[in-house]
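Coordinate inspection notes
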Amino acid sequence: MCLAVPGKVLSTHERDGTLMSIVDFGGVHKDVCLQYIPDATIGDYVIVHVGFAIQRLDEDSALATLAEFERLGVLNEEFGDGFALAAAQAGLDNPEATPPRSDPDPEVTS
């Protein structure tokens, strides 16, 4: 699922002629394109969809939405470990989280 998620602009910079920013989504920081909202400033809340800030949002609405997304587990789904989520949905262990098997002791014989 791909949602539009509110976040707070922490910094702005230009990359290859494109206005970019670092946006905080409740503790998760992502690189976001600001080309659709070029007058966004540090401290503004924006709604981000697929890496693009598409609309400005007031702080109260942004924080309420983030809290609701967190309660529903949506933030983890959007920003969490994709491999772990896919493994869980398939009913499998996440191979990245499973400790590797140790080699049997070469001196032990069957």
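Residues numbered from 1 in each chain as written. Predicted model: local features only at pLDDT ≥ 70, side-chain atom pairs only at ≥ 80, totals over all residues. Heavy atoms only, no water.

- The chain has the name Hydrogenase expression/formation protein HypC in an unreviewed UniProt entry, where Nocardia pseudobrasiliensis is given as its organism.
- If you open the UniProt record of the chain and go to Sequence similarities (unreviewed entry), you find "Belongs to the HupF/HypC family." (UniProt positions renumbered as here; feature names shortened; annotations may be inferred.)

1. What to know about the overall build of the chain
- Within the chain, the regular secondary structure consists of 3 helices and 5 strands.
- Each helix and strand of the chain, placed in order from N terminus to C terminus, yields the pattern β-β-β-β-β-α-α-α.
- When burial is assessed residue by residue, the chain has 24% of its 110 residues classed as buried.
- About 7600 Å² of surface is accessible on the chain, with carbon and sulfur atoms providing 52% of the total. (Helix = DSSP H or I, 4+ residues; strand = E, 2+ residues; numbered from the N terminus. Buried < 20%, exposed > 50% of the residue type's maximum accessible area, 1.4 Å probe, protein only. Areas by Shrake-Rupley, 256 points an atom, 1.4 Å probe, with all protein chains shown as cover.)

2. Side note on the nonpolar core
- If you look at the biggest cluster of nonpolar residues, it comprises 15 residues, and the most contacted ones within it are V5, V23, F25, V32, V46, V48 and A53.
- Elements supplying a minimum of two residues to this core: β1 (5-15), β2 (18-25), β4 (45-49), α1 (59-72) and α2 (74-79). (Core = buried A, V, L, I, M, F, W, Y, C linked by side-chain atoms within 4.5 Å.)

3. A word on the packing of aromatic side chains
- If you walk through the whole model with that rule in mind, you get 1 aromatic pair.
- On the numbers, 5.4 Å between centres and 35° between planes, the contact of Y36 with F52 is tilted. With a gap of 16 residues between them, Y36 in the loop between β3 (28-33) and β4 and F52 in strand β5 (residues 52-57) connect regions that are remote in the sequence.
- Relative accessible area serves as the criterion here: at 59%, Y36 is assigned to the exposed category.
- When its relative accessible area of 31% is taken as the criterion, F52 is described as partly exposed. (Phe/Tyr/Trp six-rings, centres within 6.5 Å; stacked < 30°, edge-to-face > 60°.)

4. Structural notes on the pairing of β3
- Pairing geometry for β2 and β3, over 6 bridges, is antiparallel. Opposite V23, over in β3, you have K30 as the bridge partner. (Pairing = 2+ DSSP bridges.)

5. Topic: the pairing of β4
- Burial within β4 is extensive, with 4 of its 5 residues counted as buried.
- Relative to β4, β1 runs antiparallel, the two being bridged by 4 bridges. If you follow G7 over to β4, its bridge partner there is V46.
- Two strands pair when backbone bridges link them, and β4 and β5 are joined in this way by 5 bridges, in the antiparallel orientation. Bridge assignment links V48 to a residue of β5, and that residue is A53.

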